[in-house]
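Structural characterization, general
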Amino acid sequence: MTASPAVALTAHAQDVSSQIVTDILTLVRQETSSYDLPALSAGRDLLRELVVHRLGRPDHEHRHPGGACADTLTLTYTGTGPGHVALFGHYDTVWPTGTLAGWNQAPTASDGRDKLSGPGIFDMKTGLAQGIWALKLARESGAPVPTVTFLFNGDEEIGSHSSRPVIEQVAQQADVTLVLEPTAHGAVKTARKGTGMFQVIASGVESHAGLAPQDGASAITALSEFVVAAAAIADPDRGTTINPGLIEGGSATNVVAGHATANIDVRVTTESEQDRVDAEFDAIQVSDPRVDITIVHGWNRPPMVMNTVSAPLLDLAREVAGEQGRQLPDTAVGGASDANFVAALGLPVLCGMGAVGDGAHAQGEFIYPDTVPAQTALIAGLLGRLAKPLRNRATAA
């Protein structure tokens with residue numbers, strides 16, 4: 001009895017799983033801190049070499065210079081069907097160069113399952129490798145495949161400031177976008193919070209802390225008051241969180257501080273909450289009028305919600321998963337990704353198509369290697385179904 005295409009695709013992914021894992025580990029061993037441009041260049045080149053090794057040379061290729069940030073790479077492979085799918089993934093990580101040398105993790109997770117651990121393995125180098133192999137498996141299945149444009153950016157972890165125009169352009173040219181960020185314990189991510197990166201600058205008056213403290217106006221004291229008030233603006237019931245992540249200031253312990261800054265992370269689920277946070281930040285007053293407070297409102301990513309054009313894409317992904325013998329849950333998460341930009345344009349997008357594991361941005365982040373074949377087969381199966389544009393499925397059936 002001949003196996004169904006879905007079963008055959010899953011079996012093929014299982015057969016090559018060791019090669020996919022090898023590619024994952026190859027990417028992990030090349031450290032790519034968001035702030036290390038030489039390392040990012042090496043990581044970008046390694047990623048491109050891996051794509052070419054597995055898929056051949058792309059039909060179209062462009063490297064978009066990132067300036068002070070890493071470059072963005074787009075590679076397009078012409079399909080045999082009329083559909084066009086964008087596969088997005090970032091190659092930068094939050095980990096400083098040199099982290100790998102001191103990384104030592106147990107080979108099993110707390111639940112007893114085998115795991116693979118390394119800086120960036122979960123977020124999101126596994127997703128990169130799975131996306132490459134998904135197109136390879138879809139091609140080798142013999143079924144029609146869509147044109148696929150890979151977009152690899154190296155500044156996602158610091159806001160995608162350089163890559164955002166490219167992200168939006170590629171998404172607008174494709175029928176759908178699949179973002180290879182890690183799953184939420186196997187679930188795809190259909191809603192994400194919007195993010196703000198606010199900077200608060202306090203400018204005070206310096207004086208000698210012993211001889212003339214009364215002449216000074218401490219920027220640090222004023223900023224401390226501001227930060228406490230800002231943190232109180234958070235409203236977890238509305239999904240709004242506020243985290244003062246970085247504070248610096250002053251020049252010496254015996255000098256009343258003349259300057260201080262705070263960088264504050266803001267997360268919201270709706271645009272109305274963005275407006276509320278903006279207004280309440282601007283309304284904060286500090287007790288010493290001699291200290292000037294400047295607030296730089298830096299909204300980075302808009303909230304991502306399940307829009308009407310993404311719902312059919314989720315349904316299709318669930319159909320593919322069902323044919324492969326699994327269920328596919330979806331969930332909302334607090335983190336943001338480049339999918340936020342796509343959703344804000346009103347375009348169909350699914351995020352969290354990548355790794356199954358845990359520990360993003362934390363020591364010990366890991367993946368479950370036994371999930372790699374199924375995740376790769378899911379993307380490959382979805383590519384096969386998207387060989388015809390999603391909007392034409394009903395009329396083409």
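Described in the following lines is the structure provided in the data block. The structure displayed is predicted, hence computed values, not measured ones.

With that out of the way, let us pick up the pattern of salt bridges. Charged atoms that come close allow side chains of opposite charge to pair. If you walk through the whole model with that rule in mind, you get 19 salt bridges. A salt bridge links Arg301 to Glu156; the shortest N-O distance between them is 3.7 Å. Residue Arg301 is found in strand E14 (residues 299-301), and its partner Glu156 is found in the loop between strand E5 (147-153) and helix H5 (164-173); the two are separated by 145 residues along the sequence. Look at Arg301 and you get buried, because its relative accessible area is 5%. For Glu156, a relative accessible area of 4% puts it in the buried group. Connected via shared salt-bridge partners are Asp235, Arg238, Glu273, Arg276 and Glu280.

Next up on the list: the layout of surface pockets. By volume, the largest pocket is sized at about 1000 Å³. In terms of lining residues, the largest pocket is bounded by 37 residues, among which Val94, Glu157, Asp265, Arg267 and His361 are the most central. Among the secondary structure elements, those contributing two or more residues to the lining of the largest pocket are helix H4 (121-140), strand E7 (188-192), strand E8 (194-203), strand E10 (241-249), strand E12 (259-268), E14 and strand E17 (357-358). Here the lining of the largest pocket gets four residues from one element, more than from any other, and that element is E12. Of the residues belonging to the lining of the largest pocket, the class tally is 14 nonpolar, 13 polar and 10 charged.

When the terminal C-alpha atoms of helix H2 (residues 17-29) are compared, their 18 Å separation across 13 residues agrees well with the 18 Å that a helix rising 1.5 Å per residue should span. Those residues of H2 not exposed but buried are Ser17, Ile20, Val21, Asp23, Ile24, Leu27 and Val28. Axial view of H2: buried residues confined to an arc of 160 degrees, hence all on one face. Of the exposed residues in H2, the ones pointing more than 90 degrees away from its buried face are Ser18 and Arg29. Tucked into the core, H2 has its buried residues touching helix H1 (5-15), helix H3 (37-55), strand E4 (116-117), H4, strand E18 (366-367) and helix H10 (372-385).

At a minimum axis distance of 9 Å, the contact between helix H8 (residues 311-323) and H10 shows a crossing angle of 120 degrees. On the basis of their axis angle, the class for H8 and H10 is oblique. The handedness of the crossing between H8 and H10 is right-handed. The residues of H10 that touch H8, namely those facing Leu316, Ala317, Glu319, Val320, Ala321 and Glu323, are Leu378, Gly381, Leu382 and Arg385. Residues that form the contact of H8 with H10 fall into these classes: six nonpolar, one polar and three charged.

Turning our attention to the packing of aromatic side chains. Applying the stated criterion across every chain yields a total of seven aromatic pairs. Relative to Phe152, the ring of Phe150 lies with its centre 5.6 Å away and its plane at 20 degrees, an arrangement referred to as stacked. Take Phe150 and Phe152: they sit in the same class, and that class is buried. Relative to Tyr368, the ring of Phe366 lies with its centre 5.2 Å away and its plane at 85 degrees, an arrangement referred to as edge-to-face. Of the two residues examined, Phe366 and Tyr368, each falls in the buried class. Linked through ring pairs, Phe198, Phe226, Phe281 and Trp299 together constitute an aromatic cluster.

Inspection of the secondary structure puts Leu37 in helix H3. Measuring from C-alpha to C-alpha, the distance between Leu37 and Gly67 comes to 9.9 Å, with 30 residues separating the pair along the chain.

With that out of the way, let us pick up empty space enclosed by the protein. A complete count under the given rule lists one cavity of 30 Å³ or more for this structure. Within this model, the largest cavity holds a volume of roughly 50 Å³. If you trace the largest cavity, you find it lined by Leu27, Gln30, Thr32, Gly43, Leu47, Tyr91, Lys125 and Leu128. Mapped by element, the contributors of at least two residues to the lining of the largest cavity are H3 and H4. Among the residues forming the lining of the largest cavity, the class breakdown is four nonpolar, three polar and one charged.

On to the sheet that holds E17. Strand order in the open sheet formed by three strands is E4-E18-E17, with antiparallel pairing between adjacent strands. Either end of the sheet is taken by a strand with one partner, and the two such strands are E4 and E17. In this sheet, E18 lies alongside E17 in antiparallel orientation, the contact comprising two bridges. For Gly357, the partnering residue across the bridge sits in E18 and is Ile367.

Once that is clear, we can look at the nonpolar core. Core analysis: the biggest nonpolar cluster contains 58 residues, and Phe150, Phe152 and Met353 have the highest contact counts within it. Ranked by residue count, the leading element in this core is H4, at 11 residues. Contacts of Met353, omitting those with residues within four sequence positions, involve Gln130, Leu178, Val179, Leu180, Glu181, Thr183, Val188, Gln375, Leu378, Ile379 and Leu382.

Rules used throughout
Residues numbered from 1 in each chain as written. Predicted model: local features only at pLDDT ≥ 70, side-chain atom pairs only at ≥ 80, totals over all residues. Heavy atoms only, no water. Salt bridge = Lys/Arg side-chain N within 4 Å of Asp/Glu carboxyl O. Helix = DSSP H or I, 4+ residues; strand = E, 2+ residues; numbered from the N terminus. Buried < 20%, exposed > 50% of the residue type's maximum accessible area, 1.4 Å probe, protein only. 1 Å grid on protein atoms, 1.4 Å probe; cavity = no way out; pocket = protein on both sides within 12 Å on 5 of 7 lines; lining within 4 Å. Points joined across faces, edges and corners; volume = space filled by probe spheres on them. Nonpolar A, V, L, I, M, F, W, Y, C, P; charged D, E, K, R; others polar. Expected span 1.5 Å × (residues − 1). Arc of directions from axis to C-beta. Contact = heavy atoms within 4.5 Å. Axes fitted to C-alpha atoms, helices over the stretch in contact; angles between N-to-C directions. Parallel < 35°, antiparallel > 145°, perpendicular 65-115°, else oblique. Left-handed = near helix turned anticlockwise from the far one by under 90°. Phe/Tyr/Trp six-rings, centres within 6.5 Å; stacked < 30°, edge-to-face > 60°. Pairing = 2+ DSSP bridges. Core = buried A, V, L, I, M, F, W, Y, C linked by side-chain atoms within 4.5 Å.

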